[in-house]
Amino acid sequence: MNKSILPFLFCTLLCGCNNSHNLTMLVGTYTDTDSKGIYTFTFNEDNGTASALSTTEVKNPSFLTVTPDRKMVYSVSEQAEGSSVSAFDFDKTAGELHFRNSRPTKGKGPCHVTYVGKDVVSANYSSGTISVFPIDEKGNLQEAVLLQFKESGPDSTRQEQSHLHSTQVSPDGKFLFAIDLGGDYIYRFPVTDGKVAEYDATKIKMPLGSGPRHFDFSRDHRFMYVINELSGSVVAYDYNNGDLRQIQEIQADTLYARGSADIHFSPDGKYLYASNRLQGDGIAIFRQNANSGLLEKVGYQNTAIHPRNFAITPNGKYVLVACRDNDVVQVFVRNAQTGLLSDTHQDIKVPRAVCVILVR
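Residues numbered from 1 in each chain as written. Predicted model: local features only at pLDDT ≥ 70, side-chain atom pairs only at ≥ 80, totals over all residues. Heavy atoms only, no water.

**Student:** Hey, could you run me through the nonpolar core in this one?
**Tutor:** If you look at the biggest cluster of nonpolar residues, it comprises 24 residues, and the most contacted ones within it are Leu 26, Tyr 74, Val 85, Val 120 and Leu 141. If we ignore the near neighbours within four places in the chain, the residues touching Leu 26 are Tyr 39, Thr 40, Leu 64, Val 66, Val 73, Phe 90, Leu 97, Cys 355, Val 356, Ile 357 and Val 359. (Core = buried A, V, L, I, M, F, W, Y, C linked by side-chain atoms within 4.5 Å. Buried < 20%, exposed > 50% of the residue type's maximum accessible area, 1.4 Å probe, protein only. Contact = heavy atoms within 4.5 Å.)

**Student:** It is not clear to me how the pairing of strand S30 (residues 353-359) should be interpreted in this structure. Could you clarify?
**Tutor:** Each regular strand displays side chains that alternate between the two surfaces of the sheet. With seven of seven residues buried, S30 lies mostly within the body of the structure. Alignment of strand S1 (residues 22-29) against S30, held across six bridges, turns out to be antiparallel. Looking at S30, one finds that Thr 29 is bridged to Ala 353. (Helix = DSSP H or I, 4+ residues; strand = E, 2+ residues; numbered from the N terminus. Pairing = 2+ DSSP bridges.)

**Student:** In this structure, what is going on with the sheet that holds strand S4 (residues 64-66)? I would like to understand it.
**Tutor:** By way of backbone hydrogen bonds, the strands of a sheet pair with one another, either parallel or antiparallel. Spatially, the four strands line up as an open sheet ordered S4-S5-S6-S7, and their pairing is antiparallel. Edge positions in the open sheet fall to S4 and strand S7 (96-104), since each of these has one partner strand only. Here the average twist between neighbouring strands, direction ignored, is 20°. Of the pairings in the sheet, the one linking S4 to strand S5 (residues 72-77) comprises three bridges and is antiparallel in character. For Leu 64, the partnering residue across the bridge sits in S5 and is Ser 75. (Axes fitted to C-alpha atoms, helices over the stretch in contact; angles between N-to-C directions.)

**Student:** Whenever I open this one, the pairing of S7 confuses me. Can you help?
**Tutor:** Bridging between strand S6 (residues 84-91) and S7 involves eight bridges; their strand directions are antiparallel. Of the residues in S7, the one forming a bridge with Asp 89 is His 98. Hairpin geometry of S6 and S7 is characterised by an intervening segment of four residues between the two adjacent antiparallel strands and by a positive phi of about 70° at Gly 95.

**Student:** How should I be thinking about the sheet that holds S1 in this particular structure?
**Tutor:** Reading across from one edge, S3-S2-S1-S30 is the order of the four strands in this open sheet, with antiparallel pairing throughout. Strand pairing shows two members of the sheet lacking a second neighbour, strand S3 (50-57) and S30, which therefore form its edges. Across the sheet, the mean angle separating the axes of adjacent strands is 25° when strand polarity is ignored. Two elements, strand S2 (residues 37-44) and S3, share seven bridges in a ladder whose sense is antiparallel. Residue pairing in the sheet places Phe 41 in a bridge with Ala 52 of S3.

**Student:** What is the right way to look at the packing of aromatic side chains in this model?
**Tutor:** Given two aromatic rings, their pairing is described by the distance between the two centres and the angle made by the two planes. Taken as a whole and judged by the stated rule, the model has 12 aromatic pairs. Each ring, one from Phe 149 and one from Phe 189, has its centre 6.4 Å from the other, and the planes form 75°; the classification is edge-to-face. Taken together, the residues Phe 149 in the loop between strand S11 (145-148) and strand S12 (164-169) and Phe 189 in strand S14 (residues 185-192) connect sequence positions 40 residues apart. Relative accessible area serves as the criterion here: at 12%, Phe 149 is assigned to the buried category. With 5.9 Å between their ring centres and 15° between their planes, Tyr 185 and Tyr 187 make a pair best called stacked. Here Tyr 187 falls in the buried class, since its relative accessible area comes to 1%. Put simply, the rings of Phe 175, Phe 177, Phe 215, Phe 217 and Tyr 239 touch in pairs and so form one group of aromatic residues. (Phe/Tyr/Trp six-rings, centres within 6.5 Å; stacked < 30°, edge-to-face > 60°.)

**Student:** I would appreciate a short explanation of the environment of Lys 195 in the present structure.
**Tutor:** Its location among the elements puts Lys 195 in strand S15 (residues 195-196). With a relative accessible area of 32%, Lys 195 lands in the partly exposed category. Spatially, the C-alpha atom of Lys 195 lies 9.7 Å from that of Ile 135, the residues being 60 residues apart in sequence. Dropping the residues within four chain positions of it, Lys 195 is found in contact with Val 116, Lys 118, Asp 119, Pro 134 and Pro 190.

**Student:** So what exactly am I meant to see when it comes to the state of the cysteines here?
**Tutor:** Under the counting rule described, the total for this entry stands at zero disulfides. Here Cys 323 stays unpaired: no disulfide links it, and the sulfur of Cys 355, its closest cysteine neighbor, is 13 Å away. When its relative accessible area of 0% is taken as the criterion, Cys 323 is described as buried. With no disulfide of its own, Cys 355 lies 11 Å from the sulfur of Cys 111, the closest cysteine sulfur. For Cys 355, a relative accessible area of 0% gives the class buried. (Disulfide = S-S within 2.5 Å.)

**Student:** What is the right way to read unusual backbone geometry from this model?
**Tutor:** Leave glycine aside and you will find that most residues have negative phi; peptide bonds, for their part, are mostly trans. You will see that Arg 70, though not glycine, has its phi angle at about 65°, which is positive. Mapped onto the elements of the fold, Arg 70 is located in the loop between S4 and S5. In this structure Arg 70 comes out as partly exposed when scored by relative accessible area, which is 35%. Within the chain, Lys 106 stands out as a residue other than glycine whose phi angle is a positive 70°.

What follows is the structure in structure tokens.
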């Protein structure tokens, strides 16, 4: 072999090895200060470092979703008036988003977006609605169908009306669940072949005044866990073919700051994490009993200010927390045995960061 090409081969192999550890990270923001919109980075899940890739100008892209084939990104534009959802072609390697089309939500304050398969759904907080957008074979958004909810809760300040905060498809793909913070309800819609099949929801009542916000399923799909913004608790449910049976309520925010936000399982399914804001900003850490589904609180990790959304790397090594009011995505390393977190002090600077999505 020609010795002159050995360094080239070595570099190629080395770069290939490093690239295998790289994820593409998308960060959604609020653009009310100096943020431009959606920021992308490479994130190395082996050493916790990030490198900037690109910026896409979008107004208030406070939540994003990526299709399973990693070819499309959908983003809300969260506004009181003129709210919309936009579709982008996604170049994962370059981290570039190329605008395809945009459609109005017909509702106010979209704060969450979900890809169903042949529909895209936004949860519109301010108007108490969800928007169901059919999409064509190329991923273009079609005109939305608006579903209105008219519930209320005991908190006259925050629950004067329905406030839809998130939607998500069940792991079996049979149902779309929508969470109503204002009415203390979970709504269940049947899904058939990637579409919301019926617009009449089954209503599941949650504890009064809880203010449900986001939710996640256990890795074995047997349990569902809801983080409640107002009560600061996590409510655990036994899940069986769309039916939910409450089995536990446990406190994530012991200061009752009324700012709990996001919830995710670790990839190994052993630990559940929930973010809290407004006081004692941080992440509550729970260990799950795999048999019963019950949670035990095992720790708490303080973060920068206003940890809204967070993501866990596929290898379970890092937890990336969007801390809006410090303009950073904070990087924590996770102990796989104890579930506890440690600050790596490798903050990623992003103005008004509120949403983190990781793509392998």
